[in-house]
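Coordinate analysis (summary)
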Amino acid sequence: MSAWQEFLSSRTPTSTADDAEQAALALPTAEAGDSIMVDLSHYGLLSLEGEDAQTFLQGQVTNDVKLLNGSSHYSGYCSPKGRLLALFLAFAHDGKLWLQFDGGLTAAIAKRLRMYVLRSKVVITEHSAETLVRLGVAGQQAEAALRAQFTSIPETEYAVVSQDGLALIRLPGSLPRYEIIIPAAEAPALWDKLAATLKPATQADWDNREIHAGIPEIVSATQETWVPQMVNLDLLNGINFKKGCYTGQEIVARTHYLGKVKRRTHLAHLPLLAPIAAGSEIVDAAGNVAGQVVRSAANPDGGQDILAELRLESVEAGALSWQGMALQLLPMPYALEK
């Protein structure tokens, strides 16, 4: 157990857990209106550095790496067939390029990227909470809590502020959300200071807020399932159609230029207690597969909120369900046309 995990366990009042994951389970579920702070160690984190790092990454991902100057963005990493292998939150900080994504993919994605480095002068490093801690803060009190601790915070969505070895990122969505990347030795003191204003919460609480911001994710069960547009990556400005070639670019561009996208990811609700596995099938009234679950997390008021990739014609027809349970479609936080 890392020093950070030990610290988190010590700050979970009712927990006798011996690891951070078990300690998180002892936290009470955050209410819908709570301003929260969450340990984001479940995400994988890679850094790329070296004189060829920007050129190398530019040829791998869907977005324009050259735009990562004081800002962040989402970006897809595709197979040669244009299917997503990972979905990154990318940003520049401390002279390096950083990629954050589902932690279960970290080793495989790092290995795949290194395969293509060849003679390029690029060093790819995996980071854990032993060296860098990531904290998510969200809610109406989030901005005030951060202003009390930092001289400057990002004012607009996707903006990045770097200072004194740490980074702050303003995440998209109508609810104020931020991420802090901080050296592990400094994280406990910051956690205790933020706890005066913000409620410690679980990964599920964070995931629910991500879902309501319309942010998809790719996990091992859904790798190579979707073209980026199917999970709305273009609507999140996660695809740059002018940047030039990258792996899978031909398929992604063809989807964009040759006609209307026929599948999109939607926000929905199901009256369930347990999360739904990513990749689970959604069916229409005739029992035909209409799409799949992208991600799922508990709603503070009960049930599961999900992002589901669905055929648009099936959405128009209605009567969608998961294992016989009717899907309640909800408004997305952004328009599904662009």
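Residues numbered from 1 in each chain as written. Predicted model: local features only at pLDDT ≥ 70, side-chain atom pairs only at ≥ 80, totals over all residues. Heavy atoms only, no water.

1. Some remarks on the environment of Lys 96
Structurally, Lys 96 can be placed in strand S5 (residues 96-102). C-alpha separation for the pair Lys 96 and Ser 47, spaced 49 residues apart in sequence, amounts to 6.2 Å. In this structure Lys 96 touches Ser 47, Leu 48, Glu 49 and Phe 91, once residues within four positions along its chain are discounted. (Helix = DSSP H or I, 4+ residues; strand = E, 2+ residues; numbered from the N terminus. Contact = heavy atoms within 4.5 Å.)

2. A few points about empty space enclosed by the protein
The full count for this structure, using the stated rule, is 1 cavity of 30 Å³ or more. Computed from the structure, the largest cavity encloses a volume of approximately 190 Å³. Every residue lining the largest cavity is counted, 17 residues in all, and those nearest its centre are Tyr 43, Tyr 74, Leu 89, Gln 100 and Glu 210. At the level of elements, strand S4 (84-93), S5 and helix H7 (203-212) are the ones that each hand at least two residues to the lining of the largest cavity. (1 Å grid on protein atoms, 1.4 Å probe; cavity = no way out; pocket = protein on both sides within 12 Å on 5 of 7 lines; lining within 4 Å. Points joined across faces, edges and corners; volume = space filled by probe spheres on them.)

3. Brief notes about the nonpolar core
Membership of the largest hydrophobic core comes to 43 residues, with the highest contact counts inside it found for Tyr 74, Phe 91, Ile 169 and Trp 206. Among the elements of the structure, strand S1 (36-39), strand S2 (43-49), strand S3 (72-78), S4, strand S7 (132-138), strand S9 (166-171), H7 and strand S14 (289-298) are those that each provide at least two residues to this core. If sequence neighbours within four positions are ignored, Phe 91 has contacts with Leu 45, Leu 68, Ser 71, Ser 72, Lys 96, Leu 97, Trp 98, Val 160, Ile 169 and Ile 181. (Core = buried A, V, L, I, M, F, W, Y, C linked by side-chain atoms within 4.5 Å. Buried < 20%, exposed > 50% of the residue type's maximum accessible area, 1.4 Å probe, protein only.)

4. Some points on unusual backbone geometry
In the Ramachandran plot, Asn 237 falls in the positive-phi region, its phi being about 55° despite a non-glycine side chain. Mapped onto the elements, Asn 237 comes out in the loop between H7 and helix H8 (249-257). Here Asn 237 falls in the partly exposed class, since its relative accessible area comes to 48%.

5. Here we look at the packing of helix H1 (residues 3-10) against helix H6 (residues 187-194)
As a packed pair, H1 and H6 sit with axes 10 Å apart at the nearest point and diverge in direction by 25°. The pairing of H1 with H6 is recorded here as roughly parallel in orientation. In this structure, H1 meets H6 at a crossing whose hand is right-handed. Each of Trp 4, Phe 7 and Leu 8 in H1 lies in contact with H6, whose residues at this interface are Ala 187, Pro 188, Trp 191 and Asp 192. Looking at the contact of H1 with H6 residue by residue, the class counts come to 6 nonpolar, no polar and 1 charged. (Axes fitted to C-alpha atoms, helices over the stretch in contact; angles between N-to-C directions. Parallel < 35°, antiparallel > 145°, perpendicular 65-115°, else oblique. Left-handed = near helix turned anticlockwise from the far one by under 90°. Nonpolar A, V, L, I, M, F, W, Y, C, P; charged D, E, K, R; others polar.)

6. Examining helix H4 (residues 106-115)
Turning to H4, its buried residues are Thr 106, Ile 109, Ala 110 and Leu 113. One side of H4 carries all its buried residues, which in axial view fall inside an arc of 100°. Exposed residues lying more than 90 degrees from the buried face of H4 are Ala 107, Lys 111 and Met 115. Against S2, helix H3 (53-58), S3, S4, S5 and strand S6 (123-127) lie the buried residues of H4. (Arc of directions from axis to C-beta.)

7. Things to note about the pattern of salt bridges
Within the structure shown, the criterion is met by 16 salt bridges. The partner of Lys 199 in a salt bridge is Asp 34, and the shortest N-O contact between them spans 3.2 Å. Highlighted residues: Lys 199 in strand S11 (residues 199-200) and Asp 34 in the loop between helix H2 (20-25) and S1, separated in sequence by 165 residues. Between Glu 210 and Arg 177 there is a salt bridge, and its shortest N-O distance comes to 2.5 Å. With Glu 210 in helix H7 and Arg 177 in strand S10 (residues 177-183), this residue pair connects regions lying 33 residues apart in the sequence. (Salt bridge = Lys/Arg side-chain N within 4 Å of Asp/Glu carboxyl O.)

8. A word on the state of the cysteines
For the coordinates displayed, the defined rule picks out 0 disulfides. The structure places no disulfide on Cys 78, whose sulfur is separated from the nearest cysteine sulfur, that of Cys 245, by 13 Å. Of the residues examined, Cys 245 reaches a relative accessible area of 65% and is grouped as exposed. (Disulfide = S-S within 2.5 Å.)

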